There are 2 protein chains.
Amino acid sequence: MAVSTEPATSPSLTRYATLAADIAQSIHAGVLQPGDKLPSVRSCCAARGISPSTVFQAYYLLEARGLIRARERSGYYVASGAHHPPPEPEIARLPPPASLTVDVSERVFSILQASFQPGTVGLGSAFPAPQHFPWNKLAQSLAACARQAQPQALLDDLSTGHSGLRRHIARRYLADGMPLHMDDVVITNGALEALNLCLSAVTQPGGTVVVESPCFYGALQALERLGLKAVEVPTHPRDGIDLPALETAITSHRPQAIWLMSNFHNPLGSLVPTAHKQALCALLARHQVPLIEDDVYGELYFCARRPLPVKAYDREGWVLHCSSFSKCLAPAWRVGWAAAGRFTQAVARQKLTTSLSTNAPAQAALAHYLEGVGFDKHLRQLRHTLATQRDAMTQAIARHFPPGTRATRPEGGYFMWIELPPGCDALQLHQQALSEGISLAPGPVFSASQRFGRCIRLNYGLLWDARTDQALQQLGSWCHRMQQAAG
Amino acid sequence: MAVSTEPATSPSLTRYATLAADIAQSIHAGVLQPGDKLPSVRSCCAARGISPSTVFQAYYLLEARGLIRARERSGYYVASGAHHPPPEPEIARLPPPASLTVDVSERVFSILQASFQPGTVGLGSAFPAPQHFPWNKLAQSLAACARQAQPQALLDDLSTGHSGLRRHIARRYLADGMPLHMDDVVITNGALEALNLCLSAVTQPGGTVVVESPCFYGALQALERLGLKAVEVPTHPRDGIDLPALETAITSHRPQAIWLMSNFHNPLGSLVPTAHKQALCALLARHQVPLIEDDVYGELYFCARRPLPVKAYDREGWVLHCSSFSKCLAPAWRVGWAAAGRFTQAVARQKLTTSLSTNAPAQAALAHYLEGVGFDKHLRQLRHTLATQRDAMTQAIARHFPPGTRATRPEGGYFMWIELPPGCDALQLHQQALSEGISLAPGPVFSASQRFGRCIRLNYGLLWDARTDQALQQLGSWCHRMQQAAG
């Protein structure tokens, strides 16, 4: 029987994905070992009160991810390839947070720009492979809108953005349980501009901003550009930013803002638990500190439903929520937005005075595309691909990297954070890899204080083929060698 | 004989446009008076050594501008409507330049945002009427590129921009006598982003920047946003910035940059003479001060060929030249660029860290459009329209506004600066006009010190119809009334 492994569009999505996640967790936790037989479909139906087709869907999904194998006439078994994943990294241990002048931008450029060679296996890339996106459909929308465009309409929506697009974005917030008015949405040139405008709106040069350690290097570059100081607060690969350390940082340094990610962190891949998000929100309100929340990976979840951002728990408007279509739909179109709570007008004015407005045809085309059902279908497919490749990367790391290697277990997005064992050096590995046509993002670019010298960020969202696996094998063997050389 | 008044695409463009400009100047200077007969075509051919068709083209152009009229079987005569234009404004008299903290942004927003009501006669608009642009051709290019786009190519040109587009822009610089490498061009989200990135690249918060008085309000908003102080140096409606005052400002205030326009100034419409541009360039080199040159109207010239920007005379790389397609081809596409001389890398990095890159489909489509001959053809048509409407506005001002009104004589672009006679108030006129559905840009938004209370900027690039003339008549009658009430 030929069965598509793509999740169906039925309302049972939640149930089968939940079941699959439960079983995957049991495998990762070692409750189910390679060779173990899974519960029969019949017993599973009875135990959970679900239909056989739901159970089959969950099993097909697990099979596609390489975690289980069907044996003819016998049932499903945990695959021999379903190794125990590497252990997770520990939280970064840091001295009490200090305030740092940021001076990373040149270093980040020199490290990352070298990675843009054609033909490189782009494990260091910040984008998924372009082949994962629905370019044909987007082109159709673009062509349709370009033909229909009323010249006047192109000028009417200067400033805060195309009204149709803002309405679609507001509707998606609403569907996720975050009622927003479309006027609360400011369209920007990608999330990077949104983040930068938000930062400008709530800070003054010389001020201090709390960032995570590790954090997205773009945040560090923004601080440097605006003459802001950084206070680095450690962030946990599973729980997110260390809340007691954050509160200490707030009381000692009186930051003008906090900048962090709560869903599928860059570079960790981590997802902050709901209770933690709520506690963070309470802390913001208590100290009246704005939070710039970078949620560009929020739609790329592997769990049953979209994890809510911190924004969802914000009753007082302290969260400036930034996202975009660049990571989940249309890279290089550069359309993002900010929903900046009480700072909306300030952000809108920053936008008007820095770049006026965002490309009108792209906004109209996205609004047109979002009219249909294609976006959710595309997202399901993309999530499925990324989840499958996450498993493949986890297994490759377990197989090829030396003992002592740790790796995060992302529940969304496409970044995995690898902590190499003692003796390994990320920058050295980066140099070696580049010379052999493999890119990676070395840990020190994610820190104002050049920490994480033994860590690397890998992208499992690229087009996965034999070269990818070979590249990971090669990275692993260089790590083995470095470890041995160190002794 | 049905004759198109659109300039032909032949190489004689220079000659006929030169002849037309010479005659227009003679009319404006009063050498030729209404009712005077123009030289016959035959004598004109003999005197200038040009062909009859060249003379006819010049006469058709002047006829289209309302400056001359043909009388059957008799020849061409200066039209009765070819009034003497109003006198030009004097240079703003200012005390020796002081350094000012800029605090204009809110005022500018409150004044200008009220103007965006649908149905308003947009004399205050910053854009020409959208109907003047070749939307169908642009849509074709967009659709063609969207269909052909290789996904990978969409990511390859992140950062400094689409290589084809940068090549076209570099070629146009070259054709104008400014040899540039395409890598010297950084593509931005419109010229406004280019200007802001350039300003960030060469200044530090707390520094001082020289601006013109009057100047584009976007410059003042940029200074305010970046915490920079302004030194206002008066600028002449015909000669541009006052060079002795500029040198005094440089030696007394040690500015980190100068920001000005040398071609078709916003709001004055003035064109700085070549010798003045060269002297300015020498001054930059002598004092080693960067110049941010806003040249967004440079292609909209009414004279025979594109006036070179200050950039053309810059041998040492002090000029950061910014322009875009927003005013001359594709408003709301938001594609501009900076050619930043010795600051190119700094500007490119500002771009990467603030908004990463510019909408890829729009860049590809513009490159595609620029492959053809359509751009130059469109520009000729647009220049012709604007020149004709400049004349219509000059005549309307002369006819409807009270004696003592002064007006600039723009040789390009679409802005005219009107100095109202004593007793008139620009902000009061703005309020009155808005309440009757007419927008204008009152003088005080163009100054950090709220000067120019008797000046207004009018846009003659809108779609010219009976309503436009009526609106100008109404503005004139309100001015008469204000003058009488004060008198």
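Treat the numbers as computed from the prediction; the structure is a model and nothing was measured. (Residues numbered from 1 in each chain as written. Chains lettered and ligands numbered in written order. Predicted model: local features only at pLDDT ≥ 70, side-chain atom pairs only at ≥ 80, totals over all residues. Heavy atoms only, no water.)

A word on the packing of aromatic side chains
This model, assessed by the stated rule, comprises 28 aromatic pairs over all chains. When the centroid spacing of 5.3 Å and the interplanar angle of 50° are considered together, the rings of Phe-216 of chain A and Tyr-217 of chain A count as tilted. Each of the two residues, Phe-216 of chain A as well as Tyr-217 of chain A, counts as buried. Measuring from centroid to centroid gives 6.1 Å for Phe-133 of chain B and Trp-135 of chain B, while their planes differ by 65°, and the two rings are edge-to-face. For the pair Phe-133 of chain B and Trp-135 of chain B, one class covers both residues: buried. Grouping aromatic residues by their ring pairs yields a cluster made of Phe-216, Tyr-217, Trp-417, Phe-446 and Phe-452 of chain A. (Phe/Tyr/Trp six-rings, centres within 6.5 Å; stacked < 30°, edge-to-face > 60°. Buried < 20%, exposed > 50% of the residue type's maximum accessible area, 1.4 Å probe, protein only.)

A word on the pattern of salt bridges
Applying the stated criterion to the full structure yields 30 salt bridges over all chains. Salt-bridge contacts for Asp-176 of chain A lead to Arg-306 of chain A; the nearest nitrogen and oxygen are separated by 3.4 Å. Of this pair, Asp-176 of chain A sits in the loop between helix H7 (163-175) and strand E5 (185-188) while Arg-306 of chain A sits in the loop between strand E10 (291-294) and strand E11 (319-324), and the two are 130 residues apart along the sequence. Ionic pairing is found between Glu-299 of chain B and Arg-306 of chain B, a salt bridge with its closest N-O pair at 3.8 Å. (Salt bridge = Lys/Arg side-chain N within 4 Å of Asp/Glu carboxyl O. Helix = DSSP H or I, 4+ residues; strand = E, 2+ residues; numbered from the N terminus.)

Looking at the interface of chain A and chain B
Accessible area lost during the coming together of the parts is what is often quoted as the interface size. At the junction of the two partners, chain A supplies 43 residues and chain B supplies 43 residues. Inspection of the region where chain A meets chain B yields two salt bridges. For Arg-349 of chain A, the salt bridge is made with Glu-106 of chain B, and the minimal N-O distance between the two is 2.3 Å. Run the count over chain A and chain B and you get 16 residue pairs in polar contact (both at pLDDT 80 or more). Of all elements in the fold, only helix H4 (105-113), helix H5 (135-148), helix H6 (151-156), helix H8 (190-202), helix H9 (217-225), helix H12 (344-354) and helix H13 (360-371) of chain A reach the threshold of two or more residues within the side of chain A that touches chain B. Here the side of chain A that touches chain B is built from residues that sort into 23 nonpolar, 14 polar and six charged. (Contact = heavy atoms within 4.5 Å. Polar contact = N/O pair within 3.5 Å; in protein donor to acceptor, adjacent residues only side chain to side chain. Nonpolar A, V, L, I, M, F, W, Y, C, P; charged D, E, K, R; others polar.)

Observations regarding the environment of Pro-85 of chain A
Note on placement: Pro-85 of chain A falls in the loop between strand E2 (75-78) and strand E3 (99-101). Non-local contacts of Pro-85 of chain A, meaning those with residues more than four positions away in its chain, are made with His-28, Thr-394 and Arg-409 of chain A.

Concerning the sheet that holds strand E13 (residues 406-407) of chain A
Strand pairing in a sheet is mediated by backbone hydrogen bonds. Such pairs are either parallel or antiparallel. All names here are of chain A. Pairing in this open sheet of four strands is antiparallel, and the strands run E13-E14-E17-E16 from one edge to the other. A single partner strand is all that each edge strand has here, and the edge strands are E13 and strand E16 (441-442). Note that strand E14 (residues 415-419) and strand E17 (residues 455-459) share five bridges and pair antiparallel. Looking at the pairing, Trp-417 lines up with Arg-457 of E17. Across the sheet, helix H14 (residues 374-400) is in contact with E13, E14 and E17; its angle to E14 comes to roughly 15°. (Pairing = 2+ DSSP bridges. Axes fitted to C-alpha atoms, helices over the stretch in contact; angles between N-to-C directions.)

Considerations on helix H9 (residues 217-225) of chain B
Because each turn of an α-helix spans 3.6 residues, side chains separated by three or four positions end up pointing in the same direction. With respect to burial, H9 of chain B is a largely interior element, seven of its nine residues being buried. All of the buried residues in H9 of chain B are Tyr-217, Gly-218, Ala-219, Leu-220, Gln-221, Ala-222 and Leu-223 of chain B.

A closer look at the pairing of E5 of chain A
All names here are of chain A. Burial along E5 is two-sided: Val-185 and Ile-187 facing one way and Val-186 and Thr-188 facing the other are all buried. Sheet topology note: the E5/strand E12 (residues 336-339) ladder contains four bridges and is antiparallel. From the neighbouring strand, Val-185 faces E12, where its bridge partner is Ala-339.

Some remarks on the packing of helix H8 (residues 190-202) of chain B against helix H12 (residues 344-354) of chain B
Describing two packed helices takes the angle between their axes plus the distance from one axis to the other. Residue and element names in this part refer to chain B. The contact between H8 and H12 brings their axes to 9 Å, and the two run at 115°. Our classification of the angle between H8 and H12 gives roughly perpendicular. Here H8 runs over H12; the crossing is right-handed. Taken together, the residues of H12 that come into contact with H8 (itself represented by Glu-193, Leu-197, Cys-198, Ser-200 and Ala-201) are Ala-346, Val-347, Gln-350, Lys-351 and Thr-354. For the contact of H8 with H12, the class distribution of residues is five nonpolar, three polar and two charged. (Parallel < 35°, antiparallel > 145°, perpendicular 65-115°, else oblique. Left-handed = near helix turned anticlockwise from the far one by under 90°.)

Nothing here speaks to function; it is all geometry.
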